[in-house]
Amino acid sequence: MSENAAYCRYLDVVEDHLHAARSEAVIHSVTLAAELIARKITAGGIVYAFGASHAGLLIQDQFYRAGGLVPIQPILPAQLMLNTEPVTLTSEPEQTPGFAEIVLKNISFAQGDLLLIASVSGRNPVAVEMCQIAQLQGATVIALTNVTYSSAVAGRHGDRLFEVADIVIDLPGVVGDAAIGLLPGMPNVGPTSSAVGAAILHGLMVQVSAQLIAQGQNPPVFASANMDNSAAWNDRLIDNYRDQLTYL
């Protein structure tokens, strides 16, 4: 066995999952989600987005991002982010019924709003309840979740995310996320949800941008701040959306 065999094995698994993301079912869900997002942006609106812990990294990669859409409003409560110390404190609120209501205390959804939720296992109440609260207020919820994983575990307090979201984008992966077994009795290594999930969400936003162009619009996309002459482009978009996006 070559010295880099384990490394290549992991990349092969990620590649397999990325290929699975081209399935008819995933493409159908991405297409539906892209249509809704494009329609919302055309109407001058924004898209709310939530993820806890490592799923929150997928959401953080969607806003204020070179090549990313501007009108993404993240919902990233400090108690669920990985810069919490000790980081183990993030698990309790994620698994606690009622915490989503606390997170949304100062956020009100309206009829026609969109909320994107990323949750790999889809079993924790903070994601499920946030979905349900948003729906009760008239929002449509798009979920990115590993249906294989989620189907193999029980919801901690009832429903799982794939059972309640309006549009479910299936995140290919294995039960438990980590995909590479190295020793008997040792947990698997090599989680794939970050690599595959990021690719799916960026691909979704590329699809949104393509739809906007097909409708004769210029997609509101950030240019890299490290590219010369990008400031004027970005400043114009920031001015357009500053009143709707708290991160600006």
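Attention in this report is confined to the structure presented alongside it. Numbers given to residues run from 1 along each chain, matching the order in which its sequence is written. Per-residue local features are limited, in this predicted model, to residues with pLDDT of at least 70; the limit for side-chain atom pairs, both in listing and counting, is 80 or more; totals at the level of whole chains, interfaces and linings are taken over all residues. Excluding hydrogens and water, the side-chain figures rest on all heavy atoms present in the structure.

Remarks on the pattern of salt bridges
A carboxyl oxygen of Asp or Glu within 4 Å of a side-chain nitrogen of Lys or Arg is what we treat as a salt bridge. Under the counting rule described, the total for this entry stands at four salt bridges. The salt bridge involving D113 is made with K40; its shortest N-O contact spans 3.3 Å. With D113 in the loop between α5 (99-103) and β3 (114-118) and K40 in helix α2 (residues 24-42), this pair connects stretches of sequence that are 73 residues apart. The exposure classification of D113 matches that of K40, with both residues buried. Here D61 and R65 are joined by a salt bridge, their closest N and O atoms 2.7 Å apart. By relative accessible area, R65 is classed as partly exposed at 34%. Going along the chain from the N terminus, every DSSP run of H or I of four or more residues is numbered as a helix, and every run of E of two or more is numbered as a strand. Summary of the burial criterion: residues with accessible area below 20% of their type's maximum are buried, those above 50% are exposed, and those between are partly exposed, where the area comes from a 1.4 Å probe applied to protein chains only.

Concerning the packing of helix α1 (residues 5-20) against helix α9 (residues 193-214)
Here an axis means a line fitted to C-alpha atoms, over the contact stretch when the element is a helix, while the angle between two N-to-C directions is reported on a 0 to 180 degree scale. Close contact between α1 and α9 brings their axes to 10 Å; oriented N to C, the two are set at 35°. Both α1 and α9 take part in a crossing whose hand is right-handed. Residues V14, H17 and L18 of α1 touch α9, and the partners they reach there are A195, V196 and A199. Its residues assigned to classes, the contact of α1 with α9 shows five nonpolar, one polar and no charged. Should the near helix be turned anticlockwise from the far one by less than a right angle, the crossing is left-handed, and should it be turned clockwise, the crossing is right-handed. A contact between two residues is defined here by any heavy atoms of the two lying within 4.5 Å. For this scheme, ten residues count as nonpolar: Ala, Val, Leu, Ile, Met, Phe, Trp, Tyr, Cys and Pro. Four count as charged, namely Asp, Glu, Lys and Arg, and the remainder, Gly too, count as polar.

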